[in-house]
Amino acid sequence: MNTCGFIDAAVEESVQAIGEALAENGKVIVTGCLGARTGAGGESWVRGIHPAVLAVTGPDATDQVLDAVHTHLARPHEPFFDLLPPAGVKLTPRHYAYLKIAEGCNQSCSFCVIPSMRGKLVSRPIGEVVREAERLVQQGVRELLIVSQDTGAYGVDVRGRTDFVNGRPVRTGIQDLATELGRLGVWVRLHYIYPYPHIAQLTDLMAQGIILPYLDVPFQHAHPRVLRLMRRPASAERNMDRIAAWRAVCPGLSIRSTFIAGFPGETESEFEYLIEFLKQAQLDRVGCFAYSPVQGAAANDLPEPIPEPVREARRARLMQVQAEISRCRLAARVGTVQRVLIDQALPGGGIGRTGCEAPEIDGVVRVSATGPLQIGAFYDVRIVDSDEHDLSAVMVKSRSGSQLAESASTGSDPVHGGAR
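Bear in mind the structure is a predicted one, so any value in this text is a computation, not a measurement.

Draft legend 1. How the structure looks around helix H1 (residues 8-25). Taking 1.5 Å per residue, 18 residues should reach 26 Å; H1 reaches 26 Å between its end C-alpha atoms and fits that length. Residues Ala-10, Val-11, Ser-14, Val-15, Ile-18, Ala-21 and Leu-22 constitute the buried set of H1. Each buried residue of H1 lies within a common arc of 135 degrees when the element is viewed along its axis, so the set occupies one face. Along H1, the residues that are exposed and aim more than 90 degrees away from the buried face are Glu-12, Glu-13, Gln-16, Ala-23 and Glu-24. Against the buried residues of H1 lie strand E1 (2-3), strand E2 (29-32) and helix H2 (45-49).

Now the structure itself:
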């Protein structure tokens, strides 16, 4: 069982899932963030609730998990699993993959306990990351989703140390990594970017079509006092200026963010300030969470906690405002021609995404065609309708009256179309 220990709701879900697994077969190994939690005497917190589990490890403990598995279940020789591909077994569809570039975080946000669970930032060598990306592309991946706890800080812990990519010296940094991944001819999407000043350099790469014009930036709030209570980094109160600067460089930029409503001490006027920020920022995609206490988080000790009904009401109000913003922004795309990557084939077309939509967390594009579309292929479509979350489109036909699926291996530009 891989667990989460970030917020109380996730802890409860993990504990329940462990109990269900124990009831199913009685042999359970627990790993993940909740496995790292200890009780007052240093003993495993999970074992205190479920003493029957066979083993408990923390996050990213692959070797320890395998050791525990083999201790309780001898590993037989299995040719099928012993002949794994170089990039391992993916749990995502064949055409996209998550690429983790670092572990841990150097920030000290008051609502978060990730640094205590996963430690300080540790960046993977850039040569190793690029080699993994190359293997994924060779196996058919057409979209790389770049993730870590603090993607924009990649390389800070090693002070930009030089590594080698295909024999070339390359600095370890997020801009250098994005440039290298952009050479692979697939979609490159960045997630979990703090609004550091140097992120403006990434929008240059987006404007050039090297990586997708998409930023996943967890702003969390807008009011300066609340941001200080949250201990958010990077002078977060200047975010409106940053958004304007990013869009000036890359007008087609799509921005996704998350916010916390009902943070301890948040006044009604400060929440209204956040609502006004949303109206001015006109973000493309937004998620909002009602504040939830996290065991061990500094925010638990802040005065004036907000009652749960008020937190939930504020979350609902924020999402109602964002729904109208999203509806208007999607409506503005009606009539445009966009490139989509197909995730699901249907008898009369398929469901896909443009470069502005990440899988599972953003909306989709429902494409009408004369037959099923090819999963993992790029198509040009014309947007014909929209709602609060999704788009509808029809195929753009060539002069011959048809359109062939275009794979990432053709050497064309999957971001904008046409020859590189």
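That covers the picture; the talk isn't over yet.
Draft legend 2. The arrangement of the sheet that holds strand E3 (residues 55-56) in detail. With parallel pairing, the 3 strands of this open sheet are ordered in space as E1-E2-E3. Two strands close off the open sheet at either side, each with one partner strand: E1 and E3. Direction of pairing for E2 relative to E3: parallel, over a ladder of 2 bridges. Bridge pairing links Ile-29 to Ala-55 in E3.

Draft legend 3. Geometry of the packing of aromatic side chains. A full pass over the atoms with the stated rule returns 8 aromatic pairs. Sitting over the ring of Trp-45, Arg-37 keeps its end group 5.0 Å from the ring centre. The lysine or arginine in question, Arg-189, covers the ring of Tyr-214, its NZ or CZ lying 4.5 Å from the ring centre.

Draft legend 4. Fine view of the confidence of the model for the chain. Scored by pLDDT, the chain has a mean of 88; 90% of the residues are at 70 or more. A low-confidence stretch, residues 408-412 (pLDDT under 50), is modelled with 10 contacts involving residues beyond four sequence positions or located in other chains.

Draft legend 5. Here's a closer look at the packing of helix H10 (residues 239-249) against helix H11 (residues 268-281). It is at 11 Å that the axes of H10 and H11 come closest, and there the two elements cross at 10 degrees. Compared by their axis directions, H10 and H11 come out roughly parallel. From H10, Asn-239, Met-240, Ile-243 and Arg-247 reach across to H11, where they touch Phe-277, Gln-280 and Ala-281. Each residue belonging to the contact of H10 with H11 can be placed in one class, and the counts come to 4 nonpolar, 2 polar and 1 charged.

Draft legend 6. Spotlight on the nonpolar core. One finds Leu-181, Leu-202, Phe-219, Trp-246, Phe-259, Leu-283 and Leu-318 to be the most contacted residues of the largest nonpolar core, which totals 65 residues. No other element matches H11, which puts 6 residues into this core. Beyond its immediate chain neighbours, meaning those up to four positions away, Leu-202 contacts Ile-174, Gln-175, Ala-178, Leu-190, Ile-193 and Ile-211. Counting 13 residues, the second-largest nonpolar core is a separate cluster that includes Leu-330, Ile-342, Leu-391 and Ala-393.

Draft legend 7. Representation of the side chain of His-95. If you trace the backbone, His-95 turns up in the loop between helix H4 (79-82) and strand E4 (96-100). Overall, His-95 belongs to the buried group, its relative accessible area being 2%. Among the polar contacts listed, one links the side chain of His-95 to the side chain of Asp-343, at a separation of 2.7 Å. What His-95 contacts, discounting residues up to four positions off in sequence, is Gly-140, Val-141, Arg-142, Glu-143, Leu-341, Ile-342, Asp-343, Ile-375 and Gly-376.

Draft legend 8. Quick look at the environment of Thr-258. One can find Thr-258 in strand E12 (residues 254-261). Residue class for Thr-258 comes out buried when judged on its relative accessible area of 15%. Separated by 31 residues in sequence, Thr-258 and Phe-289 place their C-alpha atoms 7.7 Å apart. The residues contacting Thr-258, other than those within four sequence positions of it, are Val-217, Pro-218, Phe-219, Gln-220, Gly-287 and Phe-289.

Draft legend 9. Focus on unusual backbone geometry. The phi angle at Tyr-192 is positive, at roughly 60 degrees, despite the residue not being glycine. In this structure, Tyr-192 sits in the loop between strand E10 (187-190) and helix H8 (200-207). Look at Tyr-192 and you get partly exposed, because its relative accessible area is 40%. The backbone of Glu-360 sits at a positive phi, close to 75 degrees, despite the residue not being glycine. For Glu-360, a relative accessible area of 69% gives the class exposed.

Draft legend 10. Quick peek at the layout of surface pockets. In this model, the second largest pocket occupies a volume close to 580 Å³. Forming the boundary of the second largest pocket are 27 residues, of which Pro-213, Gly-252, Arg-333, Gln-338 and Cys-356 lie nearest the centre. Contributions of two or more residues to the lining of the second largest pocket are made by H8, helix H12 (308-331) and strand E14 (337-346). Within the lining of the second largest pocket, the residues separate by chemical class into 13 nonpolar, 8 polar and 6 charged.

Rules used throughout
Residues numbered from 1 in each chain as written. Predicted model: local features only at pLDDT ≥ 70, side-chain atom pairs only at ≥ 80, totals over all residues. Heavy atoms only, no water. Helix = DSSP H or I, 4+ residues; strand = E, 2+ residues; numbered from the N terminus. Expected span 1.5 Å × (residues − 1). Buried < 20%, exposed > 50% of the residue type's maximum accessible area, 1.4 Å probe, protein only. Arc of directions from axis to C-beta. Contact = heavy atoms within 4.5 Å. Pairing = 2+ DSSP bridges. Phe/Tyr/Trp six-rings, centres within 6.5 Å; stacked < 30°, edge-to-face > 60°. Lys NZ or Arg CZ within 6 Å of the ring centre and 35° of its normal. pLDDT = per-residue confidence, 0-100. Axes fitted to C-alpha atoms, helices over the stretch in contact; angles between N-to-C directions. Parallel < 35°, antiparallel > 145°, perpendicular 65-115°, else oblique. Nonpolar A, V, L, I, M, F, W, Y, C, P; charged D, E, K, R; others polar. Core = buried A, V, L, I, M, F, W, Y, C linked by side-chain atoms within 4.5 Å. Polar contact = N/O pair within 3.5 Å; in protein donor to acceptor, adjacent residues only side chain to side chain. 1 Å grid on protein atoms, 1.4 Å probe; cavity = no way out; pocket = protein on both sides within 12 Å on 5 of 7 lines; lining within 4 Å. Points joined across faces, edges and corners; volume = space filled by probe spheres on them.

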